[in-house]
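Report on the structure
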Amino acid sequence: MNRKIIFFDIDGTIFCTRLGHVTDRVKAAIAQARKRGHLCFIASGRPWAFIADNIRELGFDGYVLANGAHIKFQDMDAGIRYLPHDAVRDLCGKFRQGNIQYILSTPACSYIDPGFTELLNFFGKCNIDLENLVHKFDEEMVFYETLKLEAWVDTKEQVELAASCCGDFASEIHGPGETIEIYGKQVSKATGILRVLDMLRLPVEDSFCFGDGPNDVEMFETVGSGFAMANGVQAVKSLAREICPDVEQDGVAIKLEELFHRGVL
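Residues numbered from 1 in each chain as written. Predicted model: local features only at pLDDT ≥ 70, side-chain atom pairs only at ≥ 80, totals over all residues. Heavy atoms only, no water.

Some thoughts on the pairing of strand E4 (residues 70-73)
Burial of E4 is two-sided: the residues His70 and Lys72 facing one way and the residues Ile71 and Phe73 facing the other way are all buried. As judged from the four bridges shared by strand E3 (residues 62-65) and E4, these two strands associate in the antiparallel manner. By the bridge assignment for E4, Gly62 is matched with Phe73. Hairpin connection, E3 to E4: the antiparallel pair is bridged by four residues, and Ala66 has positive phi, about 50 degrees. Summarising the sheet, E4 and strand E5 (residues 76-80) pair through four bridges and their orientation is antiparallel. Looking at the pairing, Ile71 lines up with Gly79 of E5. What sits between the antiparallel neighbours E4 and E5 is a turn of two residues, in which Gln74 has the positive phi angle 50 degrees. (Buried < 20%, exposed > 50% of the residue type's maximum accessible area, 1.4 Å probe, protein only. Helix = DSSP H or I, 4+ residues; strand = E, 2+ residues; numbered from the N terminus. Pairing = 2+ DSSP bridges.)

Here's the deal with the side chain of Asp206
Within the secondary structure, Asp206 is located in the loop between helix H7 (189-200) and strand E12 (207-211). Salt bridges are absent for the buried Asp206, whose nearest opposite-charge side chain, Lys4, sits at 4.3 Å. Sequence-distant contacts of Asp206, that is, excluding residues within four places in its chain, are made with Asn2, Arg3, Lys4 and Ile5. (Lys, Arg positive; Asp, Glu negative; His and termini not counted. Salt bridge = Lys/Arg side-chain N within 4 Å of Asp/Glu carboxyl O. Contact = heavy atoms within 4.5 Å.)

With respect to the sheet that holds strand E8 (residues 133-134)
Strand order in this open sheet of six strands is E8-E7-E6-E9-E11-E10, and the pairing throughout is mixed. With partners counted over all chains shown, the strands left at the sheet margins are E8 and strand E10 (170-173), one partner each. Pairing analysis gives six bridges linking strand E9 (residues 148-153) to strand E11 (residues 178-183), with the strands arranged antiparallel. Across the sheet, Ala151 pairs through a bridge with Ile180, a residue of E11. Against the sheet, helix H3 (residues 85-97) engages strand E6 (101-105), E9 and E11, with an angle of about 160 degrees to E6. Against the sheet, helix H6 (residues 156-165) makes contact with E9, E10 and E11, and its axis sits at roughly 155 degrees relative to E9, the strand it touches most. (Axes fitted to C-alpha atoms, helices over the stretch in contact; angles between N-to-C directions.)

Comments concerning helix H1 (residues 24-35)
Side chains three or four residues apart in an α-helix point the same way, a direct result of the helix having 3.6 residues per turn. Compared with the 16 Å implied by 1.5 Å per residue over 12 residues, the 16 Å span of H1 between its first and last C-alpha is a close match. For H1, the complete set of buried residues consists of Val26, Ala29, Ile30 and Ala33. Each buried residue of H1 lies within a common arc of 95 degrees when the element is viewed along its axis, so the set occupies one face. More than 90 degrees from the buried face of H1, the exposed residues found are Asp24 and Lys35. (Expected span 1.5 Å × (residues − 1). Arc of directions from axis to C-beta.)

Here's the deal with the packing of aromatic side chains
The final tally for this structure, using the stated rule, is 14 aromatic pairs. Where Trp48 meets Tyr63, the ring centres are 5.0 Å apart and the plane angle is 80 degrees; that geometry is what we call edge-to-face. With Trp48 in the loop between strand E2 (39-43) and helix H2 (53-56) and Tyr63 in strand E3, this residue pair connects regions lying 15 residues apart in the sequence. Classification of Trp48 as buried rests on a relative accessible area of 15%. Seen in terms of ring centroids, Phe122 and Trp152 are 5.4 Å apart; in terms of plane orientation they differ by 45 degrees. Their pairing is tilted. With Phe122 in helix H4 (residues 117-123) and Trp152 in strand E9, this pair connects stretches of sequence that are 30 residues apart. By relative accessible area, Phe122 is classed as partly exposed at 26%. For Trp152, a relative accessible area of 11% translates into the label buried. These aromatic residues form a ring-pair network of at least three members: Phe8, Trp48, Phe60, Tyr63, Phe208, Phe210 and Phe227. (Phe/Tyr/Trp six-rings, centres within 6.5 Å; stacked < 30°, edge-to-face > 60°.)

Next comes the structure, spelled out in structure tokens:
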């Protein structure tokens with residue numbers, strides 16, 4: 001059997017927020033895929049500092065991080081796309097003027113003002129090891145290595161201000177009381193996956209993915225076969241080869257086991 005490569009989203013796909021962990025059955029299925037000689041990668045909007053130990057310990061072969069801006073393979077950086085320094089500085093200046101809290105993520109660390117308590121409280125609920133966040137830093141130097149930002153908006157006015165400031169970037173802006181993801185227009189999970197396939201000289205038809213959210217759409221448009229979670233958004237389901245059971249029902253494990261049995265993997 002040819003070696004295949006499988007890309008997994010985290011939240012709502014392998015990690016169940018309600019349960020607060022990756023189930024043993026999902027862990028075992030991913031381990032079995034690797035034992036069969038296939039490559040298993042995380043493909044996530046999260047930067048490296050947001051990947052908790054309970055995900056890292058699963059032993060993935062590599063990561064497509066920060067919506068494709070950062071690629072890791074066998075614990076080494078294999079591709080990095082920084083945001084423009086001046087644009088990041090200008091954006092953060094406008095955020096401070098509008099009392100919008102933000103965090104800056106680089107390939108190694110994420111940096112946040114310790115006074116940004118609303119954002120820190122939010123991250124405390126998101127399966128992030130908070131000790132990976134740096135509080136004492138030279139912000140000007142961090143601007144040079146920033147891959148992605150996240151910001152916290154409390155009011156409709158802050159949402160509108162953030163939307164007006166993010167024109168130089170791609171962004172996912174939600175309502176008040178939520179975060180905004182800000183990253184480069186030239187990157188996505190799809191661009192990261194294509195770079196990995198090129199690096200490893202694997203054909204697209206030998207690539208698979210599992211996902212559930214809006215930022216997985218381009219990934220599903222790119223890989224050979226996509227499997228959407230039952231709890232996923234319709235935009236992802238409409239692109240999927242098949243639908244998995246819900247994340248709370250070990251959907252990834254059930255589908256992987258089926259693919260093993262059918263000789264697909």
